[in-house]
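# Structural overview
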Amino acid sequence: MLSKLLQTSSSKPKQLKKLHALVLTSGFSIKNSLLTQLLENLTLVGDMCYARKVFDEMHKPRVFLWNTLFKGYVKNNLPFESVLLYKKMRDLDVRPDSFTVVSMLSACGQLGSLETGKEVYDRARREGIDCNIIVENARLDMFLKCGSTEEARVLFEEMEQRNVVSWSTMIVGYAMNGDSDEALALFNMMQNQGIRPNYVTFLGVLSACSHAGLVDEGKKYFGIMARSSDKSLEPRKEHYACMVDLLGRSGLLEEAYEFIKSMPLEPDAGIWGALLGACAVHGEIKLGQKVADVLVETSPDIGAYQVLLSNIYAAAGKWHCVDKVRSKMRKLGTKKVAAYSSVEFDGQLHYFNRGDKSHPQTKAIYEKLEEVLKKIRSMGYVPQTRSVFHDVETEEKESSLSHHSEKLAIAFGLINGRVEDPIRVMKNLRTCDDCHVFAKFVSRVTSRDIIMRDKNRFHHFRNGVCSCREFW
Ligand SMILES: [Zn+2]
Ligand SMILES: [Zn+2]
């Protein structure tokens, strides 16, 4: 009876919790099979807090239950919890299996935690866990999400078996890392080897075109999908978003707008958001305003879009409009997502907010930052104050700019770690113009490579140049 109820209420978290509480208060001892069902349903609806509670109530959960939780954490974008759970699993001497390893590698990819990812894999190998093609594909993905295209390529070449997932992972990864040439070269190679691309492969191809501003190629590949007799290749919303991004970033804003209007599918926030982002890059106020209106109507809860709009106004110096958007945001209760950056050192992730002073090495970090700023200023670095939020005095703007989370993370990377290793910075939002210029200069004066992953893509800074060639 209860099991049936749990099954039928799979998408109703409130009902699930009620049922659970009911059983508990009635004094029944709950069988693990029911808790299992409950756990699975909760991870499906994304209530990971409650799922964890249920999990903790289980008596000696078997490995597949651990895996259910791992998978849930990854799916719900809680990679850090996944890593903590893995540590607990090891402490309790529960033997992981290949599913655990796959989830953990995904979690490490999300976190940008290259060292931990490698450690998990090496340990799995030592313990004789089956590292099949699914594990190897997850490892490929982990390398790419941590910005290590070199290690990914070595693995890809060494893999005894490769499938369409392996190829697509590489193509998507190269695109994300800004290496469009390699992405497209692999796409050709894949076809020459007779492997049929799927919709993920095309997503990688389109995003490679988008990151490199290859408008004609992008249109060509999109056309191939649209005309294909293979129904599974029919363009999905993500492909449309990629095309809008490509057109928009190349400055073809009106064309992008018309493209959205002619879509056979209902455009979602991701698609409009891509156009709004492009309007922000090109300082296009009129269209930006129009797009923002659509977005506020369809997804008023997404503060990021209003932030973009207020950035557009700020860049144009229209401060009264910035104020209007800000007060609208306050009224709607939308919050700006706080920016943070992380760097991994010695198997630990170190997090920084803007102006952060909570790190034990704070003093040394700020001293390093000052030292580097002084050096690069003498080389011609000028803070990019154009799109900083409010029209405060230049000096104040500069000081708030100079303590952006990425800069603190880079300074931390400079005082820790080996000179020959790149500094890997993971940022939760898009990086700003100023941090981009800063990183270029720093890579030049310190001869350290800086790899920065932001919300959309990677920037590989080396000797004063960024791999994105300023197209981002
Ligand atoms: Zn910044
Ligand atoms: Zn860049």
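Every chain begins its residue count from 1, and numbering advances along the sequence as written. Working convention: letters from A go to chains and numbers from 1 go to ligands, in the order in which they are written. At least 70 in pLDDT is required for a residue's local features to be given in this predicted model, at least 80 for side-chain atom pairs to be given and counted, and no such filter applies to totals for whole chains, interfaces and linings, which use all residues. Note that the side-chain values use all heavy atoms of the structure and ignore hydrogens as well as water.

Once that is clear, we can look at the overall build of the protein chain. When you go through the protein chain residue by residue, the secondary structure sums to 24 helices and 6 strands. For 472 residues, the compact-globule estimate of 2.2 N^0.38 gives 23 Å, and the protein chain sits close to it at 24 Å. Projected onto its principal axes, the C-alpha positions of the protein chain cover 70 × 55 × 55 Å. Using a 1.4 Å probe on the protein chains alone, a residue whose accessible area is under 20% of its type maximum counts as buried, one over 50% counts as exposed, and one in between counts as partly exposed. Each of the 472 residues in the protein chain was classed as buried or not, and the buried ones make up 49%. Throughout, a contact is declared for two residues whenever any of their heavy atoms are within 4.5 Å. A separation threshold of at least 6 residues defines the contact pool for the protein chain, and within that pool the share at least 24 residues apart is 65%. All accessible areas in this document rest on Shrake-Rupley with a 1.4 Å probe, and a residue is counted as covered only by the protein chains that are shown. When the accessible surface of the protein chain is totalled, it reaches about 23300 Å², and 52% of it is carbon and sulfur. Secondary structure is summarised from DSSP: a helix means a run of H or I of at least four residues, a strand means a run of E of at least two, and numbering begins at the N terminus for each. Every radius of gyration here is taken over C-alpha atoms, with the globule rule written as 2.2 Å times N^0.38, N being the number of residues.

Here we take up the coordination of the zinc ion (ligand 1). Each metal site is built from N, O and S donor atoms within 2.8 Å (3.2 Å for Na, K and Ca), and since water is not included, such sites may look incomplete. Protein-derived ligands of the zinc ion (ligand 1) are His404 (ND1), Cys432 (SG) and Cys435 (SG), with the metal-ligand distances lying across 2.0 to 2.2 Å. Classification of His404 as buried rests on a relative accessible area of 14%.

Turning to the confidence of the model for the protein chain, a few remarks are in order. Averaged over the protein chain, the pLDDT score is 88; the fraction of residues at 70 or greater is 90%. The predictor rates its confidence in each residue with pLDDT, a number between 0 and 100. Counting contacts from residues 388–396, a segment whose pLDDT is below 50, to residues more than four positions away or on other chains yields 18 contacts.

Protein-derived coordination of the zinc ion (ligand 2) comes from His436 (NE2), His459 (ND1), Cys466 (SG) and Cys468 (SG), at a distance range of 2.0 to 2.2 Å. Taken together, the 4 donor atoms surrounding the zinc ion (ligand 2) define angles of 105 to 115° at the centre, an arrangement classified as tetrahedral. On the primary sequence, the residues serving as donors to the zinc ion (ligand 2) are separated as H-x22-H-x6-C-x1-C. Here Cys466 falls in the buried class, since its relative accessible area comes to 2%. On the accessibility criterion, Cys468 (3% relative accessible area) is buried. Between 85 and 135 degrees for all angles marks four donors as tetrahedral; over 155 degrees for opposite donors together with 65 to 115 for all other angles marks four donors as square planar and six as octahedral; every other arrangement is irregular.

Moving on, we get to the packing of aromatic side chains. To describe a pair of aromatic rings, one takes the distance between the centres and the angle between the planes. Note on aromatic contacts: the rings of Phe and Tyr and the six-membered ring of Trp form a pair at centre separations within 6.5 Å, being stacked when their planes are under 30 degrees apart, edge-to-face when over 60 apart, and tilted otherwise. Applying the stated criterion to the full structure yields 14 aromatic pairs. Taken together, a centroid distance of 6.3 Å and an interplanar angle of 90° make the contact between Phe80 and Tyr351 edge-to-face. Of this pair, Phe80 sits in helix α6 (residues 79–91) while Tyr351 sits in strand β2 (residues 348–353); the two residues are 271 residues apart in sequence, bridging distant segments of the chain. Here Phe352 and Phe412 contribute two aromatic rings whose centre-to-centre distance is 5.6 Å and whose plane-to-plane angle is 50°, an arrangement assigned as tilted. Note that Phe352 is positioned in strand β2 and Phe412 in helix α23 (residues 405–415), a separation of 60 residues in sequence. By relative accessible area, which is 1% here, Phe412 ends up buried. Pairwise contacts between aromatic rings join Phe80, Tyr340 and Tyr351 into one cluster. Geometry around Tyr199 places Arg236 over its ring, the cationic atom sitting 3.4 Å from the centre. Criterion for a charge above a ring: Arg CZ or Lys NZ at most 6 Å from the ring centre, at most 35 degrees from the ring normal. Residue placement shows Lys357 over the ring face of Tyr366; its charged tip is 5.2 Å from the ring centre.

Any two packed helices are characterised by the angle at which their axes cross and by the distance between the axes. Where helix α5 (residues 63–75) contacts α6, the two axes come as close as 7 Å, and the packing angle between them is 160°. Put simply, α5 runs roughly antiparallel to α6. Regarding α5 and α6, the two cross each other, and that crossing is left-handed. Across from Val63, Trp66, Leu69, Phe70, Tyr73 and Val74 in α5, the residues of α6 making contact are Pro79, Glu81, Ser82, Leu85, Tyr86, Lys88 and Met89. The nonpolar class holds Ala, Val, Leu, Ile, Met, Phe, Trp, Tyr, Cys and Pro. Asp, Glu, Lys and Arg form the charged class, and all remaining residues, Gly among them, are polar. Looking at the contact of α5 with α6 residue by residue, the classes come out as 10 nonpolar, 1 polar and 2 charged. Axis angles are defined between N-to-C directions and span 0 to 180 degrees, where every axis is a line fitted to C-alpha atoms and, for a helix, only to the segment in contact. Reported orientations rely on four angle classes, namely roughly parallel under 35 degrees, roughly antiparallel over 145, roughly perpendicular from 65 to 115, and oblique for the rest. Crossing handedness is read from the near helix: turned anticlockwise from the far helix by less than a right angle, it gives a left-handed crossing, and turned clockwise, a right-handed one.

Turning next to the environment of Lys53. Here Lys53 is to be found in helix α4 (residues 48–57). Lys53 sits in the partly exposed class, given a relative accessible area of 42%. With 108 residues separating them along the chain, Lys53 and Gln161 place their C-alpha atoms 40 Å apart.

What follows deals with the sheet that holds strand β4 (residues 450–453). On the basis of which strands lie adjacent, the open sheet formed by 6 strands has the order β2-β1-β3-β4-β5-β6 and mixed pairing. In this open sheet, the two strands that pair with only one neighbour each are β2 and β6 (465–466). Pairing between strands is defined by DSSP: at least two bridges between the two strands are required. Both strand β5 (residues 458–462) and β6 contribute to a ladder of 2 bridges, which runs antiparallel. Bridged to Phe461 within β6 is Cys466.

The subject of this paragraph is the nonpolar core. We define the nonpolar core as a collection of buried residues of types Ala, Val, Leu, Ile, Met, Phe, Trp, Tyr and Cys that are connected through side-chain atoms lying within 4.5 Å of one another. Of all hydrophobic cores here, the largest spans 102 residues; its most connected members are Leu39, Phe55, Leu69, Met170, Tyr221, Val244 and Leu275. The greatest single-element share of this core, amounting to 9 residues, is contributed by helix α17 (residues 269–282). Those residues in contact with Leu275 that sit more than four places away from it in its chain are Val244, Leu253, Ala256, Tyr257, Ile260, Leu287 and Val291. The next biggest cluster of nonpolar side chains, apart from the first, holds 28 residues, and it includes Phe352, Tyr366, Phe438 and Cys466.

All right, on to the environment of His239 then. Relative to the assigned elements, His239 resides in helix α15 (residues 237–249). Spatially, the C-alpha atoms of His239 and Glu255 are 16 Å apart, while their sequence positions differ by 16 residues.

Our focus in this paragraph is the UniProt feature "repeat: PPR" (unreviewed entry) in the protein chain. UniProt positions are given in the numbering used here, feature names are shortened, and annotations may be inferred rather than shown by experiment. UniProt feature "repeat: PPR" (unreviewed entry): in the numbering of this structure it lies at residues 62–96, 97–131 and 163–197. Annotation note: span residues 62–96, helix share 74%, strand share 0%, distance between end C-alpha atoms 10 Å. With 74% helix and 0% strand, the stretch residues 163–197 has end C-alpha atoms that lie 10 Å from each other.

The residue Tyr121 is located in helix α8 (residues 114–126) in this model. Owing to a relative accessible area of 5%, Tyr121 belongs among the buried residues under this scheme. The spacing of Tyr121 and Leu19 is 102 residues in sequence and 39 Å in space, taken between C-alpha atoms. Here the side chain of Tyr121 touches Arg139 through a polar contact of 3.3 Å, side chain to side chain. Polar contacts, as counted here, are pairs of nitrogen or oxygen atoms within 3.5 Å of one another; within protein the pair requires one atom able to donate a hydrogen and one able to accept it, and residues that are adjacent in sequence qualify only if both atoms are side-chain atoms.

Between helix α11 (residues 164–176) and helix α13 (residues 199–212), the shortest axis-to-axis distance is 8 Å and the interhelical angle comes to 15°. With respect to α13, the axis of α11 lies roughly parallel. As for the relative orientation of α11 and α13, their crossing is left-handed in sense. Residues Val164, Ser168, Ile171, Val172, Ala175 and Met176 of α11 form the contact with α13, whose participating residues are Val200, Thr201, Gly204, Val205, Ser207, Ala208 and His211. Per-class residue counts for the contact of α11 with α13 are 8 nonpolar, 5 polar and no charged.

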